[in-house]
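# Structural features, examined
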Amino acid sequence: MKNRTLEITSTPIFVGLIGHRDINESEIPSLQREFDRRLGEILLIAADTPVVILTPLAKGADRLAQSSSLRSRIKICAVLPLKKNDYEKDFKKGKERQEFQAALKEADFVIETPWNVDVQSFTASRDRRDSYEACGHWISDRSSILFALWDGNEERGRGGTASTIQYRNSQSSVTAGHLDTYQLIHIYSSNSGSNIYTECICGGHDSNLAKIEKFIFEFNRLNHLLTFDSRAKDSAYVQIFTAADKVAGVKQTEFRRKTKTVLILGALGVNFASITQDTFNLIWFSSTLMAFLFTSWYFFRFKRLRTKELYESCRLIAEVLRIDIWLKACDFESGVERVLIGSTEIDVNVRGFLMSVFSLETITGSTMMESSNPLAWIKNQVDYLEGAKGKPGAIQRNLAVSKKIKLATLVSSIAGIIAFLSIPVLTYQFHIDQSSWILMTEKTLFTILLSASAVFAAYREISGLDEIAARFARSSERFHTAIRSYGQSKRPEERRAIILQVASESLAETGRWYQVKHDKDVQPFQS
């Protein structure tokens, strides 16, 4: 694996490039111009977001990125379907093989069979096709945009360009259900003199710049928050996890603060309206109107910033990477990427960003966290949830805040009821006039207490404190069960199975939480 220093501070967008090897020489200049035009449009939209081209780097279409006039603005990662020495055998000795070796040297990154297939030396053509097919699938799953230079005809054999396009349009790939977001750009090209079939229904002819722009915009909303320093000691992968964990906490606090502000402003407007109804005063009417206008402006501004969505997205990213980092630190094969490929319920933009983070870690060969005891992570999670060294845990903290809000709701409700019952007493028992300041104050107090009770109840419901505490309690119980089972097990394979089960259940719980928060039907989220 070859790895040049990637001096960037944000996760790149990965663009795939596949196509035929045997393109007519006369077509290459026009294909190059078309590829450069379409790539230039993407780079213009991406602005300062890095773009990495994933390609097997075979002859023909795969090398258009290297000969592009935009070469200085992109990075190229050669994804080899076989080990380098074995892959070279698919190029004729002499000029063809020398050109491949030169192209390989020019690539910024070279990775061999990143899908973890053990292919030391394939001789049977069927085995080689398996690896070529796996390579095409890997590139497709990790490419937000895929260029395909293809004659439009059906596949002649597994592992070819048509096979990869068919896979990308299937329900098995990461693009399943999201072809409008994951764009396929089909550029017609010849293939060994074959006729070009111009009526294919691959979906690559409706490429929409507006959709690409929308995807990149959503991608960059996360990217600008989750930056990293390529020269830092920790890998970009670990830095992105740390940033996501921190940003999720900040955005959660911001969301709760702004939610309280909206509720208080709304309650203030209701109280002003109540006073206006009793006094028919122009000043109070103007105050009521201003209060409602300001509340509406603040609410829509708050909604437009999508603070809640950013909090939930960053929390999901942090939890997925936390589990992946833990498994890799324990020297286990993670499998988290495979779960993401099959999970259609996760927001497509978040899933695309996570796949780009995984791809970044793969091509840079980032060093993960130091090896750790498999139980260390689980015990740290228990300490966080239940508390340690006299400090309350997350479960207790959430329940304590929820209890305080419940008490405030109850007190304000009871006080409001008392204020309401005192109105007829003052009117009929003490014969106080309806226009008296005492009765006006009592009515205003009733409205204030009632709206305060509603604000407390609404905030508690929106914050979901009890829901969070219950979810944390389930996680804690699951961790305790795993610790006991791990201690009772003596065989390494049994302990390994326990750790993988904890990871799978934790990932499933994270996925279910995200689905509920996004008002989606809860679907199975299994590894």
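Residues numbered from 1 in each chain as written. Predicted model: local features only at pLDDT ≥ 70, side-chain atom pairs only at ≥ 80, totals over all residues. Heavy atoms only, no water.

Now for the confidence of the model for the chain. Mean pLDDT for the chain: 83, with 84% of residues reaching 70 or above. When mean pLDDT is taken per element in the chain, strand β3 (residues 51-55) scores highest with 95 and strand β1 (residues 2-3) scores lowest with 56. Note that residues 117-126 has pLDDT below 50 and, in this model, 15 contacts with residues that lie over four places away or in other chains. Note on residues 519-527: pLDDT under 50 across the span, and 22 contacts to partners over four residues away in sequence or across chains. (pLDDT = per-residue confidence, 0-100. Helix = DSSP H or I, 4+ residues; strand = E, 2+ residues; numbered from the N terminus. Contact = heavy atoms within 4.5 Å.)

The residue Ile468 is located in helix α15 (residues 465-488) in this model. When the C-alpha atoms of Ile468 and Asn398 are compared, they prove to be 7.3 Å apart, with 70 residues separating the residues in sequence. Filtering out sequence-adjacent residues up to four positions away, Ile468 remains in contact with Gln252, Arg256, Asn398 and Ser463.

This brings us to helix α7 (residues 236-279). The terminal C-alpha atoms of α7, which comprises 44 residues, lie 63 Å apart, in line with the 64 Å expected from a rise of 1.5 Å per residue. Phi turns positive, to about 50 degrees, at Phe280, one or two residues after α7. (Expected span 1.5 Å × (residues − 1).)

Per the counting criterion, the structure on display carries 17 aromatic pairs. Look at Trp377 and Phe479: their rings are 5.9 Å apart centre to centre, the planes differ by 85 degrees, and that puts the pair in the edge-to-face class. Of the two residues, Trp377 is situated in helix α12 (residues 374-386) and Phe479 in helix α15; the sequence distance between them amounts to 102 residues. Classification of Trp377 as buried rests on a relative accessible area of 12%. Between the NZ or CZ atom of Arg21 and the centre of the ring of Phe91, over which it lies, the distance is 4.8 Å. (Phe/Tyr/Trp six-rings, centres within 6.5 Å; stacked < 30°, edge-to-face > 60°. Buried < 20%, exposed > 50% of the residue type's maximum accessible area, 1.4 Å probe, protein only. Lys NZ or Arg CZ within 6 Å of the ring centre and 35° of its normal.)

It is worth spelling out a nonpolar patch on the surface at this point. Together, Leu282, Phe285, Leu289, Met290 and Leu293 line one region of the surface with nonpolar side chains, adding up to about 560 Å² of accessible area. Topologically, Leu289 is positioned in helix α8 (residues 282-305). (Patch = residues over 30% accessible without salt bridge, like charges linked within 9 Å, V, L, I, M, F, W, Y side chains within 5 Å. Areas by Shrake-Rupley, 256 points an atom, 1.4 Å probe, with all protein chains shown as cover. Salt bridge = Lys/Arg side-chain N within 4 Å of Asp/Glu carboxyl O.)

Moving on to helix α1 (residues 28-46). Here α1 is 19 residues long and its end C-alpha atoms lie 26 Å apart, about the 27 Å a rise of 1.5 Å per residue gives. Taken together, the buried positions of α1 are Leu31, Gln32, Phe35, Asp36, Arg38, Leu39, Ile42, Leu43 and Ala46. The inward-facing, buried residues of α1 abut β2 (13-19), β3, β6 (145-150), β7 (183-188) and α6 (209-223). Of the residues trailing α1, Ala47 is marked for its positive phi of about 55 degrees.

Another aspect to go through is the side chain of Thr55. In this fold, Thr55 is placed in strand β3. Looking at Thr55, the relative accessible area reads 0%, which means it is buried. A polar atom in the side chain of Thr55 sits 3.2 Å from the backbone oxygen of Asp62. (Polar contact = N/O pair within 3.5 Å; in protein donor to acceptor, adjacent residues only side chain to side chain.)

This next bit is on the pattern of salt bridges. One pass over the full model with this rule turns up 29 salt bridges. A salt bridge links Glu106 to Arg71, with the nearest nitrogen and oxygen atoms 3.3 Å apart. Note that Glu106 is positioned in helix α3 (residues 95-106) and Arg71 in the loop between β3 and β4 (75-80), a separation of 35 residues in sequence. Residue Glu106 is classed as partly exposed on the basis of its relative accessible area of 33%. Take Arg71: its relative accessible area is 15%, and that puts it in the buried class. Measuring nitrogen to oxygen at the nearest pair gives 3.3 Å for the salt bridge that ties Lys328 to Glu361. Taken together, the residues span a long stretch of sequence, with Lys328 in helix α9 (residues 307-329) and Glu361 in helix α11 (residues 348-364) at a distance of 33 residues. On the basis of relative accessibility, which here comes to 25%, the residue Lys328 falls in the partly exposed class. Relative accessible area serves as the criterion here: at 10%, Glu361 is assigned to the buried category. Salt bridges sharing common partners tie together Glu34, Arg37, Arg38 and Glu41.

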